[in-house]
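Notes for the structure review
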Amino acid sequence: MKVGSGKPDFVRAMVAEDMKTGKWGGRVHTRFPPEPNGYLHIGHAKSICLNFGIAAEFGGKCNLRFDDTNPVKEEEEYIRSIIEDVKWLGFDWGDRLCFGSDYFEQMYEWAEQLVKAGKAYVCDLNAEETREYRGTLTRPGEESPYRNRSVEENLDLFRRMRGGEFSDGSRTLRAKIDMASDNLNMRDPVMYRILHAAHPRTGDKWCIYPMYDWAHGLEDSIEGVTHSICTLEFENHRPLYDWFLDELGVYHPQQIEFARLNLSYTVMSKRKLLQLVEEGYVKGWDDPRLPTISGMRRRGYSPASIRNFCGRIGVNKFNSTVDIALLEHCVREDLNKSSPRVMSVLRPLKVIIDNYPQGQVEELKAINNPEDASAGMRKVPFFRELYIEQGDFMEEPPKKFYRLAPGREVRLRYAYYITCTEAIKDADGNIAELHCTYDPATRGGDSPDGRKVKATLHWVSAAHALPAEVWLYEHLFTKENPDDAAEGEDFKSNLNRNSLEVLTGCKVEPSLEGAAPLSRYQFERMGYFCVDPDSLEKRGLIFNRTATLRDTWAKIQKQQQSR
RNA sequence: UGGGGAAUGGUGUAAUGGUAGCACGAGUGACUCUGGAUCACUUAGUCUAGGUUCGAAUCCUAGUUCCCCAGCCA
């Protein structure tokens, strides 16, 4: 599957160069290595598209690998969701579903090898002492008093660590590198810590667990990865990645770092997403307002639109924030071509066609998708009583308002021209219903006398419409950069209070009867909507708004108001 | 103030010594049975200062700004 568009980014250029020089024997093997401690988000999608995309483009392979080396943070549920999300995005790892934990035994043997070579030692410093000995950014560290234990003692202690003799945090296995290194990662990094915790996959077999720096390169090496693509913050870790593999003398992949994705008006860090979920600011990991893959799926994003987005944003080595408008553009672009049109009234206003025969029903032909002739036609019922959108009528229309008003004629899409004769108000002075007349000669929506109208409205038959609930979403945050908060406040203070608006009493076209969960539609003139998975079991039809359509009138209104 | 990275329109990205291009956004207009879509046009950029060169986003020097690193997280 071709994911990228146009010119190769610097990673692809590197891979292409390696193919030319035969560095890896003509092989390309990447991996997507999530830690199962949260749900995947659009930032991960960038990495997924990069890794799987490169493999596909160069005739290579890409593994899905869980970097599950920390049992206290990782859960089965996350593994399940990650598998589902990567698959949904359209990628295939074949039989290469891998787990770092499957290599624990091999990693342990390699650790013993380093101990025997005098390159690793058991250290009795606790966490706080370790930190003190490490020094600071500008001051070199000091060597641990346990640094020069004999190989025999280290081996004995390390085996007893594995055997469960010692308590959590009481000892570590450390690489013996250089406490004076400018790179803090090289100041005798911890390889193993003691953690008497059950692991989702290995149960209680282990009470020592490998650290990322020790484990990751080994996982890549074992799997025969050629290009180990990770994010920028690991650039400082590459010397360590290389050191372990070199000291072991094993197959040595190349680590390449790229910048993670930032998106305006949202947050991407797992920590912040977890906080929003746990503290109830959103309804769960799959809340449609979240940039999680599951949230976007529920919102109505298509896998193709996400892949397309990832191909457009590029890959680089500097931090940047992509305008969320580009993401929205990508969904609209895809959904415009693929989604069936339907007429739904979100905020209904009753219309009575006074001169339309009582009890009569006509089935009018409507086009399912003007962008796709193969989508065919459908019938929509027309009736004496209808609903139109409240916003499509104004008693005193301002300039540039083309829609219905007293005495004005408009077209009902695929139906008739109607003219408003009277607006009935309720006790509070709100418009309660409209009386109109229709012109029978305009059946289907065209006037034989060539008469033009300025507006075409969507509508539903009051007798046939289905009730529905529609959830409208706006950006989760009011600020482009949610972290831009006042003194003493954090990103949560920038949460958009209007990010969700629940509309009840909506009226949707009868053809939507039994619409499948997650199916996507364009509600004409209103936007793209997706059937919420909770729909059927709970309160009947529920739709999530994926994106609005471009709304020229809303723009004019805004301009008029700001004047 | 140690080390490692990086700077191109509002935003994201091309141009590897030879016309600064594309996309999103914004604006204007055309068209339209979705004020949708589509199409056309416009807008706006090489971090700064020197230098090399016929010619610099690209090479050199100095500076500025931003990001990452002091978890027994990944």
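Preceding block: the structure.
Reading the values: the criteria
- Residue positions are given per chain, counted from 1 along the sequence in the order it is written.
- By the order in which they are written, chains take letters starting at A while ligands take numbers starting at 1.
- Local features in a predicted model are, by the rule used here, given only for residues with pLDDT of at least 70; side-chain atom pairs are given and counted only at 80 or more, and totals for whole chains, interfaces and linings are based on all residues.
- Hydrogens and waters are ignored; side-chain quantities use all the structure's heavy atoms.
- Helical segments are the DSSP runs of H or I of at least four residues, strand segments are the runs of E of at least two, and each set is numbered from the N terminus.
- Only C-alpha atoms enter the radius of gyration; for comparison, a globular chain is expected to reach 2.2 Å times N to the power 0.38, where N is the number of residues.
- Every residue pair with non-hydrogen atoms within 4.5 Å of one another is taken to be in contact.
- Computed with the Shrake-Rupley method and a 1.4 Å probe, the accessible areas treat only the protein chains shown as cover for residues.
- His is not counted here, nor are the chain ends, while Lys and Arg score as positive and Asp and Glu score as negative.
- A charge is said to be at NZ when it belongs to Lys, at CZ for Arg, at CG for Asp and at CD for Glu.
- Multiplying 1.5 Å by the residue count of a helix minus one yields the expected span of that helix.
- Exposure categories follow from relative accessible area, calculated using a 1.4 Å probe and restricted to protein chains: below 20% of the type maximum is buried, above 50% is exposed, and the middle band is partly exposed.
- To be clear, the arc concerns the directions from the helix axis to the C-beta atoms.
- Any carboxyl oxygen of Asp or Glu that lies within 4 Å of a side-chain nitrogen of Lys or Arg is treated as forming a salt bridge with it.
- Two strands qualify as a pair provided that DSSP identifies no fewer than 2 bridges between them.
- Geometry is summarised by axes, namely lines fitted to C-alpha atoms with helices restricted to the contacting stretch, and by angles between N-to-C directions that run from 0 to 180 degrees.
- In the analysis that follows, any N or O atom pair within 3.5 Å is treated as a polar contact, provided that within protein one partner can donate a hydrogen and the other can accept it, and provided that, for residues neighboring in sequence, both atoms belong to side chains.
- When an angle is under 35 degrees it counts as roughly parallel; over 145 it counts as roughly antiparallel; between 65 and 115 it counts as roughly perpendicular; any other value is oblique.
- By convention, the crossing between two helices is left-handed when the near helix turns anticlockwise from the far helix through less than a right angle, and right-handed when the turn is clockwise.
- Throughout this entry, Asp, Glu, Lys and Arg are counted as charged residues, while Ala, Val, Leu, Ile, Met, Phe, Trp, Tyr, Cys and Pro are counted as nonpolar. The remaining residues, Gly among them, count as polar.
- Proximity is defined per residue: if any heavy atom of the residue lies within 4 Å of a molecule or strand, that residue is considered near it.
- In this analysis the probe radius is 1.4 Å and the grid spacing 1 Å, with only protein atoms considered; a cavity is a set of points the probe fits into but cannot get out of, a pocket is an open set with protein on both sides within 12 Å along at least five of seven lines, and lining residues have an atom within 4 Å of a point.
- Grid points are joined across faces, edges and corners, and a volume is the space filled by probe spheres set on the points.

This paragraph deals with the overall build of chain A. Assigned secondary structure in chain A consists of 13 helices and 27 strands. At 31 Å, chain A has a C-alpha radius of gyration far larger than the 24 Å of a compact globule built from 563 residues. Summarising its shape, the C-alpha atoms of chain A cover approximately 100 × 55 × 45 Å along the three principal directions. Put simply, of all contacts in chain A between residues at least 6 apart along the chain, 71% involve residues at least 24 apart. About 25400 Å² of surface is accessible on chain A, with carbon and sulfur atoms providing 47% of the total. In chain A, which carries 77 positive and 86 negative side-chain charges, the distance between the mean positions of the two groups comes to 5 Å.

Spanning 12 residues, helix 1 (residues 10-21) covers 16 Å between terminal C-alpha atoms, matching the ideal 16 Å at 1.5 Å per step. Looking at helix 1, one finds that the buried residues are Val11, Arg12, Val15 and Asp18. The buried residues of helix 1 occupy an angular sector of 120° when projected down its axis, which confines them to one face. Exposed residues pointing more than 90 degrees away from the buried face of helix 1 are listed as Lys20 and Thr21.

A few words on the pattern of salt bridges. The full count for this structure, using the stated rule, is 46 salt bridges. With a closest N to O distance of 2.8 Å, Arg159 and Glu112 form a salt bridge. One end of the pair, Arg159, is in helix 6 (residues 151-163); the other, Glu112, is in helix 4 (residues 104-116), with 47 residues separating them in the sequence. Classification of Arg159 as partly exposed rests on a relative accessible area of 42%. For Asp490, the salt bridge is made with Lys492, and the minimal N-O distance between the two is 2.7 Å. Taking relative accessible area as the criterion, Asp490 reaches 31% and is therefore assigned partly exposed. Look at Lys492 and you get buried, because its relative accessible area is 16%. Three or more residues joined by partner-sharing salt bridges are found here, namely Arg31, Arg65, Glu219, Asp220 and Glu223.

Mapped onto the secondary structure, Thr172 falls in strand 5 (residues 172-175). On the basis of relative accessible area, Thr172 is assigned to the buried category, the value being 12%.

Note on sheets: strands pair through backbone hydrogen bonds, and any given pair is parallel or antiparallel. Taken in spatial order, the 7 strands make up an open sheet running 21-18-19-20-14-17-22, and their pairing is mixed. Of all the strands in the sheet, just strand 21 (456-457) and strand 22 (460-461) have a single pairing partner and so form its edges. Across 5 bridges, strand 14 (residues 348-353) lies against strand 17 (residues 385-389) in antiparallel orientation. Within the sheet, the bridge partner assigned to Pro348 lies in strand 17 and is Glu389.

Read from one edge to the other, the open sheet built from 7 strands follows the order 12-25-26-27-23-24-13, with strand pairing classed as mixed. Two strands in the sheet have a free side with no partner beyond their single neighbour: strand 12 (341-342) and strand 13 (344-345). Taken together, the 4 bridges between strand 23 (residues 466-473) and strand 27 (residues 541-548) define a ladder with parallel strand orientation. Across the sheet, the residue bridging to Glu469 is Ile542, located in strand 27. Helix 12 (residues 324-338) rests against strand 12, strand 25 (520-523), strand 26 (527-531) and strand 27 of the sheet, and its axis sits at about 120° to strand 27.

For Asn183, the position within the fold is in the loop between strand 5 and strand 6 (190-194). Apart from the residues within four sequence positions on either side, Asn183 is in contact with Asn236 and Pro239. A distance of 2.9 Å separates a polar side-chain atom of Asn183 from the backbone nitrogen of Asn185.

Let's shift gears to helix 6. With 13 residues, helix 6 should cover 18 Å at 1.5 Å per step; its first-to-last C-alpha distance of 18 Å lies within 8% of that length. Residues of helix 6 that are buried include every one of Asn154, Leu155, Leu157, Phe158 and Met161, and no others.

This part takes up the packing of helix 4 against helix 7 (residues 212-222). Geometrically, a packed helix pair is captured by the angle between its two axes and the distance between the axes. Viewed as axis vectors pointing N to C, helix 4 and helix 7 meet at an angle of 115°, and their least axial separation amounts to 11 Å. For the element pair helix 4 / helix 7, the angle class is roughly perpendicular. Of the two elements, helix 4 crosses helix 7, and the hand of that crossing is right-handed. Between helix 4 and helix 7, the contacting residues are Gln106, Met107, Trp110, Ala111 and Leu114 on the first element and Trp214, Ala215, Leu218, Glu219 and Ile222 on the second. The class makeup of the residues in the contact of helix 4 with helix 7 is 8 nonpolar, 1 polar and 1 charged.

Once that is clear, we can look at the protein's contact with RNA strand B. Neighbouring RNA strand B are 68 residues; Leu125, Arg341, Arg403, Arg411 and Gly444 lie closest to it. His237 places a side-chain nitrogen or oxygen 3.3 Å from a base nitrogen of RNA strand B. If you list the elements that add at least two residues to the surface near RNA strand B, you get helix 5 (127-134), strand 6, strand 11 (321-322), helix 12 and helix 13 (552-562). If one sorts the elements of the surface near RNA strand B by residue count, helix 13 sits on top with 5 residues. A per-class count over the surface near RNA strand B returns 21 nonpolar, 23 polar and 24 charged.

A word on the pairing of strand 25. One face of the sheet, then the other: side chains in a regular strand alternate in exactly this way. Here strand 12 pairs with strand 25 via 2 bridges, running parallel. Note on strand 25: the bridge partner recorded for Val342 is Phe523. In this structure, strand 25 lies alongside strand 26, joined through 4 bridges in antiparallel fashion. From the neighbouring strand, Gln522 faces strand 26, where its bridge partner is Tyr528. Between the antiparallel neighbours strand 25 and strand 26 lie 3 residues, among them Arg525 with a positive phi of about 70°.

This model, assessed by the stated rule, comprises 3 cavities of 30 Å³ or more. Looking at the largest cavity, its volume works out to about 180 Å³. Taken together, 16 residues form the lining of the largest cavity, with Pro288, Arg289, Leu290, Arg299 and Ile324 sitting closest to its centre. When contributions to the lining of the largest cavity are tallied by element, the ones reaching two or more residues are helix 10 (293-299) and helix 12. A total of 3 residues in the lining of the largest cavity trace back to one element, the largest contributor, which is helix 12.

Once that is clear, we can look at the pairing of strand 4 (residues 120-123). Burial of the side chains of strand 4 extends over both faces: Ala120 and Val122 are buried on one face and Tyr121 and Cys123 on the other. The sheet contact formed by strand 4 and strand 5 spans 4 bridges and is antiparallel. Looking across to strand 5, one finds that Tyr121 is bridged to Arg174.

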